[in-house]
Amino acid sequence: MSQEEKNKKNNEFIDFGELFWYYARYWKWVVGSVFICALLMFVHLKFTPSVYNTVANIVIKTDDSKGGASSLAMKSLGFGGLSASENIEDEQRILSSFTLVRKMVKDLGLYRAIFEKRFPYDVNLYDNSPIVADIPLAALDTMKRALILDIQYEKGVAKVKVKSGKLELPEFEVKKFPAKIQTEVGEISFTLDESKLGEADKIGLRISLSPLDAVAENFTSRLMIGLASKKSNIIGLGIHDENTARAKNILNKLVELYNIDALSDKNEAASNTATFINERIAYISKDLSVIEEQMEDYKKQNRIVNIVAESEMSLEMVKSIQEKGIEIEIELSLVRMLEEFINDPQNKYSLMPPTASMSEALASAVSDYNAILLERSKLLRSASETNPTVELLEDRINLMRQNVKTSIKNTKSGLLISKQDWSKKEQALQARMGDVPRQEREYIEIARQQEIRAEIYVFLLQKLQEAELTLASNTPKAKVVDAAYTLSEPVSPRRLIMLAMSMIIGALVPVLIIWIRDFMRVHLSSLTELERATNMTILGEVCKDRSKDRLVVRDGTTSSVAELFRLIRTNLQFVLTKKEEKVILVTSSVS
């Protein structure tokens, strides 16, 4: 191996022990840097507010239509499958939806942030501020930038500066509370609660009034919502905030608004059913009164006292046929009611109230129709009617409405055919009743109509009570397992970790500075570096002499510089062994 290859190999080799002891010579730098960084971090942590994790747990209840008297009653009318989605992932999305968070921001007034001016940082007062400023909610929807109010309150007078973006209004004073001040940016109202001032007679505040949408976006991104496990119905909610009272109010209000929204969906179906039944009851009641008056007039005209007793034997013969005819007539009347309901333009987007007596095909069509109507109703809460998704959904609704009309028409035709068949059977029996008086046959016809109307009236009254019971017994969809509470340990700043990181950084900074200094150095600093960089024979080295004597080597001198020159002379004698090697050239770049 040549000398050049050896030098190259030596340059590639890193002696970590030597490197360590090289940097260890600067231990004072390292200790000082660690102390300064740790001190700065300690001061930073001292004045940095702690952020805490606030959590809450709720369990999503299963569909109530699977049990209970009132839910079974609604199922008989076909409303058992119209409850809100039970998909837990969908419920997670609803809980963190922009619409729900926006309602929460508006109800809690989170668009208004109030800070007390203190050194070295402002303190968030949340709901503990002595002065509260507000603007109408309508103005918040049109705002594009936050409205900043700097308030200096002293001895009953508040000096206010208003700024919005680059717009800065002249300072004005508020001397009487409550007050409403008209400004270029709109009307600003001020209220004062002196009990929250305490013993202080003056205070500096900064109030920020931000657009609702911007604040809602911020809180939507900060919310943490997840399942306890994949097969669990428990949803965990969390948020990081320096103000624990505000964090608790956010989570509790979010659950409250979610339950209100879910209850409104449940109550909509029952409410529409109750409205429909009330309309039918009023119609049937009038019809039943007319038939009962006809029966009364018929008895008076024909002097009939108790035709039922007189024709008891005849009625026994046709009783079974009449019962079947009444059943068909009831079903036919209900189908006609549905036909009138769906053909009414006012009910274009109203839920249809199916009945337990309808055919399987009609029940399926009505159930699908009601489901897509509910989907449109939910979509309209966050979109307008001109939204392409809403228009596409309305096209599907129109198509399904035609399918329902076709199913109603087919069911009606089938019932009419059944009615004709049973009517023919009854006519055949009545033809054999030659001895039955004309009055009895006519009375039976009137009584039959009266009985049909009475059966429908009683049926509708029963369903009305069941619908009202359902409205009264609806419970919140989410049950609170753990109301919002704050964990004792802050999530940030992590004081020990940050202190440790500051000390590590403090130790690395001087090392980095020394490395940069050495990297930028253009001259050799030691004999070892020269040996690694070249393949020359090194005879010796002479240190710098700080004495003023220009002749450093004399007879009898034993200084370090003199001894180094003598060492070089001795090494030259070992190198220059040949007689012809008598000339030595000495040169220097500095002398």
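Preceding this paragraph is the structure being described.
A quick note: this is a predicted structure, and the numbers were derived from the prediction, not measured. (Residues numbered from 1 in each chain as written. Predicted model: local features only at pLDDT ≥ 70, side-chain atom pairs only at ≥ 80, totals over all residues. Heavy atoms only, no water.)

### Notes on the overall build of the protein
Helices and strands together make up the secondary structure of the protein, namely 17 helices and 14 strands. In the protein, which comprises 591 residues, the share counted as buried stands at 33%. Considering only contacts in the protein between residues 6 or more positions apart, those separated by 24 or more positions represent 72%. (Helix = DSSP H or I, 4+ residues; strand = E, 2+ residues; numbered from the N terminus. Buried < 20%, exposed > 50% of the residue type's maximum accessible area, 1.4 Å probe, protein only. Contact = heavy atoms within 4.5 Å.)

### A short note on the pairing of strand E10 (residues 186–192)
Pairing geometry for strand E4 (residues 131–134) and E10, over four bridges, is antiparallel. In the strand pairing of E10, Asp134 is matched with Ser189. Hairpin connection, strand E9 (residues 179–183) to E10: the antiparallel pair is bridged by two residues. (Pairing = 2+ DSSP bridges.)

### Some thoughts on helix H17 (residues 560–575)
With 16 residues, H17 extends 23 Å between its outermost C-alpha atoms, agreeing within 8% with the 22 Å of an ideal straight helix rising 1.5 Å per residue. Within the sequence span of H17, burial applies to Val561, Ala562 and Ile568. Buried residues of H17, viewed axially, fall in a sector of 120 degrees; they line one side. Those residues of H17 that are exposed and angled more than 90 degrees off the buried face are Gln573 and Phe574. (Expected span 1.5 Å × (residues − 1). Arc of directions from axis to C-beta.)

### Describing unusual backbone geometry
The amide bond that connects Phe177 to the next residue, Pro178, takes the cis arrangement and shows omega of -10 degrees. With respect to the element layout, Pro178 can be found in the loop between strand E8 (172–174) and E9. The residue after Ser492, namely Pro493, is reached through a cis peptide bond having omega -5 degrees. Relative to the assigned elements, Pro493 resides in the loop between strand E14 (478–486) and helix H15 (495–520). Its identity is not glycine, yet Lys155 carries a phi of approximately 55 degrees, on the positive side. Tracing the backbone shows Lys155 in the loop between strand E5 (147–154) and strand E6 (157–164).

### Comments concerning a nonpolar patch on the surface
A contiguous nonpolar surface patch, about 800 Å² in accessible area, is contributed by Phe35, Ile36, Leu39, Leu40, Phe42, Val43, Phe47 and Tyr121. Its location among the elements puts Phe47 in the loop between helix H3 (27–46) and strand E1 (52–60). (Patch = residues over 30% accessible without salt bridge, like charges linked within 9 Å, V, L, I, M, F, W, Y side chains within 5 Å. Areas by Shrake-Rupley, 256 points an atom, 1.4 Å probe, with all protein chains shown as cover. Salt bridge = Lys/Arg side-chain N within 4 Å of Asp/Glu carboxyl O.)

### A few points about the sheet that holds E14
One open sheet holds the four strands; their spatial order is E12-E13-E1-E14, and the pairing between them is antiparallel. Two strands bound the open sheet, and with one partner strand each, they are strand E12 (224–227) and E14. Averaged over all pairs of adjacent strands, the angle between strand axes in this sheet comes to 15 degrees, irrespective of strand direction. Pairing between E1 and strand E13 (residues 234–241): eight bridges, direction antiparallel. Across the sheet, the residue bridging to Ile58 is Ile235, located in E13. (Axes fitted to C-alpha atoms, helices over the stretch in contact; angles between N-to-C directions.)

### Concerning the nonpolar core
Core analysis: the largest hydrophobic core is formed by 55 residues, its most contacted members being Val105, Leu149, Ile151 and Phe190. Counting residues per element, this core draws most heavily on helix H9 (residues 244–302), at seven residues. Not counting chain neighbours up to four residues away, the residues in contact with Val105 comprise Leu110, Tyr111, Leu212, Val215, Ala216 and Phe219. Membership of the second largest hydrophobic core comes to 35 residues, among which are Ala269, Tyr369, Leu415 and Ala467. (Core = buried A, V, L, I, M, F, W, Y, C linked by side-chain atoms within 4.5 Å.)

### Brief notes about the sheet that holds E4
Pairing within the open sheet is antiparallel, and its three strands lie in the order E4-E10-E9. At either margin of the open sheet sits one strand with a lone partner, and together these are E4 and E9. Taking each pair of neighbouring strands and ignoring which way they run, the sheet shows an average axis angle of 20 degrees.

### Brief notes about H15
A rise of 1.5 Å per residue sets the reference length of H15, with its 26 residues, at 38 Å; its end C-alpha atoms lie 37 Å apart and thus fit the reference within 8%. Within the span of H15, buried status applies to Ser502, Gly506, Pro510, Ile514 and Asp518. Tucked into the core, H15 has its buried residues touching helix H2 (16–24) and H3.

### Concerning the packing of aromatic side chains
Here the structure, examined in full by the defined rule, presents five aromatic pairs. The interplanar angle of 90 degrees and the centroid separation of 5.3 Å between the aromatic rings of Phe276 and Phe341 together place this pair among those described as edge-to-face. Highlighted residues: Phe276 in helix H9 and Phe341 in helix H11 (residues 312–343), separated in sequence by 65 residues. By the burial criterion, Phe276 is buried, and Phe341 matches it. For Arg280, the ring lying beneath its charged end belongs to Tyr283, and the centroid distance is 5.8 Å. (Phe/Tyr/Trp six-rings, centres within 6.5 Å; stacked < 30°, edge-to-face > 60°. Lys NZ or Arg CZ within 6 Å of the ring centre and 35° of its normal.)

### A short note on the side chain of Thr183
Mapped onto the elements, Thr183 comes out in strand E9. One polar contact links the side chain of Thr183 to the main-chain carbonyl oxygen of Gly186, over a distance of 2.6 Å. Those residues within four positions of Thr183 in sequence are excluded, and the remaining contacts are Leu169, Phe172 and Ile188. (Polar contact = N/O pair within 3.5 Å; in protein donor to acceptor, adjacent residues only side chain to side chain.)

### Concerning the environment of Ile452
Here Ile452 lies in helix H14 (residues 438–473). A C-alpha to C-alpha distance of 9.3 Å links Ile452 and Ser333, two positions 119 residues apart in sequence. If sequence neighbours within four positions are ignored, Ile452 has contacts with Ile326 and Glu329.

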